[in-house]
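# Results of the structural survey
The residues making up each chain are set out below.
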Amino acid sequence: MGGGTQTNGGGPSSGKLSRWRSGCSFTKDDFFPEESFKSTANYVKALRQTPVRLVDRVLTRSNVQTELDVKARSANEMKKTLSWWDLMWFGMGAVIGSGIFVLTGQEANQDAGPAVVLSYVISGLSALLSVFCYTEFAVEIPVAGGSFAYLRVELGDFVAFIAAGNILFEYVIGGAAVSRSWTSYFATLCNHNPKDFRIHANGLAHGYDQLDPIAVGVIIIICIIAVLSIKGSSRLNYIASVVHLFVIVFIIICGFIKADTKNYSSFSPYGPHGIFKASAVLFFAYVGFDAVSTMAEETKNPARDIPVGLVGSMVITTFLYCVLAVVLCLMQPYQKIDVNAPFSMAFVAVGWSWAQYVVAAGALKGMTSVLLVGAVGQARYLTHIARTHMMPPWFAKVDERTGTPINATVVMLAATAAIAFFTDLGILSELLSISTLFIFMLVAIALLVRRYYVSGETSTENRNKLILFLLLILGSSIATAIYWGVSEKGWIAYCITVPILIISTLGIWFFVPQARTPKHWGVPLVPWLPSLSIAINIFLLGSLKKESFMRFAVWTAFLLLYYFLFGLHASYDTAMASQATKIADATYKKIEAGEDSTATTTPTGY
């Protein structure tokens with residue numbers, strides 16, 4: 001490929017030039033090296049074969065060994081430097097900051113009131129169930145692909161690509177939202193109004209006319225840190241998280257000192273629907289643990305470190321979220337909570353203006369950690385997708401010196417910066433959570449498939465029973481969510497849908513034998529916990545605004561267009577080439593062992 005061939009030369013400068021060229025190539029072969037893109041005739045032929053290729057990709061499932069083998073396509077391996085301690089702090093750094101400092105004020109003010117604490121309990125329970133599912137997969141399949149790799153193994157390429165494309169979109173939107181909130185808290189730290197440091201552009205549409213150059217600058221700094229070293233990122237995250245925890249303790253203690261129980265007189269002004277609507281939006285606060293699962297490839301002992309790091313950080317985080325939500329609503333009436341910098345402005349409202357600077361500094365530390373861990377996670381997602389050639393393999397390259405995916409990191413953060421520069425937090429918040437909830441639901445389904453179905457071993461009868469029960473679980477969960485959305489006070493439908501959900505789960509438990517037992521760590525109470533995770537995630541999806549589904553549909557349509565024109569054919573060619581190589585390897589080994597005396601030439605591909 002362009003620039004990557006000159007690996008030897010006249011000295012250190014030649015080596016540096018070679019590394020730079022190999023990482024910064026922009027030739028066609030760097031992006032589309034597959035046979036389908038070698039010529040116009042090949043591409044036209046590939047497009048004509050789209051239906052056949054699509055069926056192949058939909059029905060073909062990957063396997064664990066394949067996901068481990070594709071790491072070689074990154075040229076260099078990521079460095080195994082992370083322990084459970086690093087993952088614990090990465091988990092807290094990824095989560096604490098995004099929800100509590102960006103969206104808590106907005107949801108308490110507009111949707112839930114003081115009952116926002118219940119919203120955090122509900123979304124935290126859903127996140128914890130998803131953590132269990134992710135943990136089993138991350139231990140069994142320790143690669144950088146996260147949910148993309150898990151879904152590819154259990155549900156196939158097509159489902160995995162749509163899911164991964166949406167989670168990348170959510171990472172970009174989430175990073176943009178956090179970086180704009182970073183600017184708001186920085187303004188309060190400098191004794192300014194939260195909106196003072198943005199530039200108003202009269203010629204742009206409302207919601208896109210408040211330009212935020214500070215957010216872009218923060219993202220650039222995060223990008224530089226993320227590409228230099230994963231261990232360096234871990235150390236910085238650790239320091240920032242420790243400082244952040246001290247500030248959180250300060251907020252809790254001082255907040256309770258200035259608490260007024262009268263502010264809790266109207267605990268749930270918007271009713272149950274407001275609580276669940278806020279839960280759906282606040283679920284964005286927990287998306288960080290998904291980024292931590294992508295670091296499995298860089299973990300020293302995945303079987304031990306991942307369960308401790310992921311589950312431990314989620315339990316601590318959920319507890320802190322709930323306490324902070326209580327403190328905020330005790331300090332100030334929910335109607336007066338500032339939606340841009342709620343905690344800083346709450347201390348101003350109770351007469352402790354000096355405390356806003358401590359809070360703002362802590363919020364900045366927390367949001368910096370969120371941005372850093374998000375940058376690390378989203379780049380590793382893209383890297384693993386590119387290894388399968390569903391995205392151009394240029395994104396899969398890992399730098400030899402730093403051991404990090406520089407190309408993927410820079411491109412993802414460039415997209416984040418572009419959106420953060422223009423788009424208002426209110427618009428961004430409408431896009432949050434829907435992709436995450438959708439993918440967490442798919443991961444729970446994939447876990448049930450993994451436990452109860454093994455190709456070639458599970459009987460047709462048991463496979464059909466599993467499919468039937470899964471469809472009933474999905475159908476009853478969707479019906480419950482729809483009924484909740486259209487009926488404010490009805491309850492009759494729940495008497496039908498909830499028992500169907502319970503009976504379907506019971507059916508899997510009694511009538512479908514488990515086909516696989518986890519080797520190292522497994523989710524407890526299967527199938528009950530994954531089934532509950534599916535139901536809660538779908539229920540929260542039903543609490544989102546219709547605009548979220550419209551944007552979700554538009555983005556998914558764009559993903560499908562790209563997949564049918566490029567990703568499908570690139571991944572199909574790569575899979576066929578890999579299969580041919582394996583056949584050639586097997587033939588060659590037989591010849592070496594003297595099992596094929598008639599072979600006189602080296603097989604094709606050697």
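Note that the structure is a prediction, hence the values are computed from the model and not measured. Counting starts from 1 at the beginning of each chain's written sequence and moves along it residue by residue. Local features in a predicted model are, by the rule used here, given only for residues with pLDDT of at least 70; side-chain atom pairs are given and counted only at 80 or more, and totals for whole chains, interfaces and linings are based on all residues. With hydrogens and water set aside, each side-chain value is computed from the structure's full complement of heavy atoms.

## Considering the overall build of the protein
Each helix is a run of H or I in the DSSP string that is no shorter than four residues. Each strand is a run of E no shorter than two, and both are numbered from the N terminus. The number of helices and strands found in the protein is 25 helices and 2 strands. A burial count over the protein gives 56% of its 606 residues as buried. Note on contacts: a residue pair qualifies if any of its non-hydrogen atoms lie within 4.5 Å across the two residues. Long-range contacts, defined as pairs at least 24 residues apart, comprise 83% of the intrachain contacts of the protein with a sequence gap of at least 6. Accessibility here uses a 1.4 Å probe with only protein chains present; expressed as a share of the type maximum, an area under 20% marks a residue as buried, one over 50% as exposed, and anything in between as partly exposed.

## Overview of the packing of aromatic side chains
Any two of the Phe, Tyr and Trp rings considered here, Trp counted by its six-membered ring, make a pair once their centres fall within 6.5 Å; the pair's planes then place it as stacked at under 30 degrees, edge-to-face at over 60, or tilted in between. Counted according to the given criterion, the structure contains 39 aromatic pairs. On the numbers, 5.6 Å between centres and 90° between planes, the contact of Trp-84 with Trp-85 is edge-to-face. Assessed through its relative accessible area of 31%, Trp-84 is described here as partly exposed. Judged by centre distance (5.3 Å) and plane angle (25°), the ring pair of Trp-555 and Phe-558 falls under stacked.

## Describing unusual backbone geometry
Note: most residues except glycine have negative phi, and most peptide bonds are trans. That bond from Val-526 to Pro-527 is cis: its omega, 15°, falls within 30 degrees of zero. Phi is positive for His-389, which is not a glycine, with a value near 70°. When you line up the elements, His-389 lands in the loop between α18 (355–387) and α19 (406–422).

## Overview of the confidence of the model for the protein
Chain-level statistics for the protein give a pLDDT mean of 81 and a share of 85% at 70 or above. What pLDDT conveys is the predictor's confidence in a given residue, as a value from 0 to 100. Between residues 1–23, whose pLDDT stays under 50, and residues either more than four places distant or in other chains, the model counts 21 contacts. Taken together, the stretch residues 597–606 has pLDDT below 50 and engages in 11 contacts with residues farther than four places along the chain or on a different chain.

## Let's talk about helix α11 (residues 157–189)
Here α11 spans 47 Å end to end across 33 residues, near enough to the 48 Å set by a 1.5 Å rise per residue. Summarising burial for α11: 29 of the 33 residues are buried, a large majority. Positive backbone phi, at 65°, marks Asn-191, one or two positions downstream of α11. To estimate how far a helix should reach, multiply one less than its number of residues by 1.5 Å.

## Some words on the packing of α11 against α18
Helix axes are fitted to C-alpha atoms over the stretch in contact, other axes to C-alpha atoms as well, and angles between N-to-C directions run from 0 to 180 degrees. Packing of α11 against α18 leaves a shortest axis separation of 9 Å and a crossing angle of 160°. Viewed along their axes, α11 and α18 adopt a mutual orientation that is roughly antiparallel. Classified by chirality, the crossing of α18 by α11 is left-handed. Oblique is the label for every angle not falling under 35 degrees (roughly parallel), over 145 degrees (roughly antiparallel), or within 65 to 115 degrees (roughly perpendicular). If you view the pair so one helix is near and one far, a crossing is left-handed when the near helix is turned anticlockwise from the far one by less than a right angle, and right-handed when it is turned clockwise.

## A word on helix α12 (residues 213–228)
Under the 1.5 Å per step criterion, the end-to-end length of α12 is 23 Å for 16 residues, consistent within 8% with the ideal 22 Å. Taken as a whole, α12 has its buried residues at Ala-215, Val-216, Val-218, Ile-219, Ile-222, Cys-223, Ala-226 and Val-227. Projection of α12 onto a plane perpendicular to its axis shows the buried side chains occupying an angular sector of 160°, all on one side. The directions considered for the arc run from the helix axis to the C-beta atoms.

## A short note on the side chain of Thr-299
Looking at where Thr-299 falls in the secondary structure, it is placed in the loop between α15 (288–293) and α16 (302–331). Beyond its immediate sequence surroundings of up to four residues, Thr-299 is in contact with Lys-80, Leu-82, Leu-87 and Asp-305.

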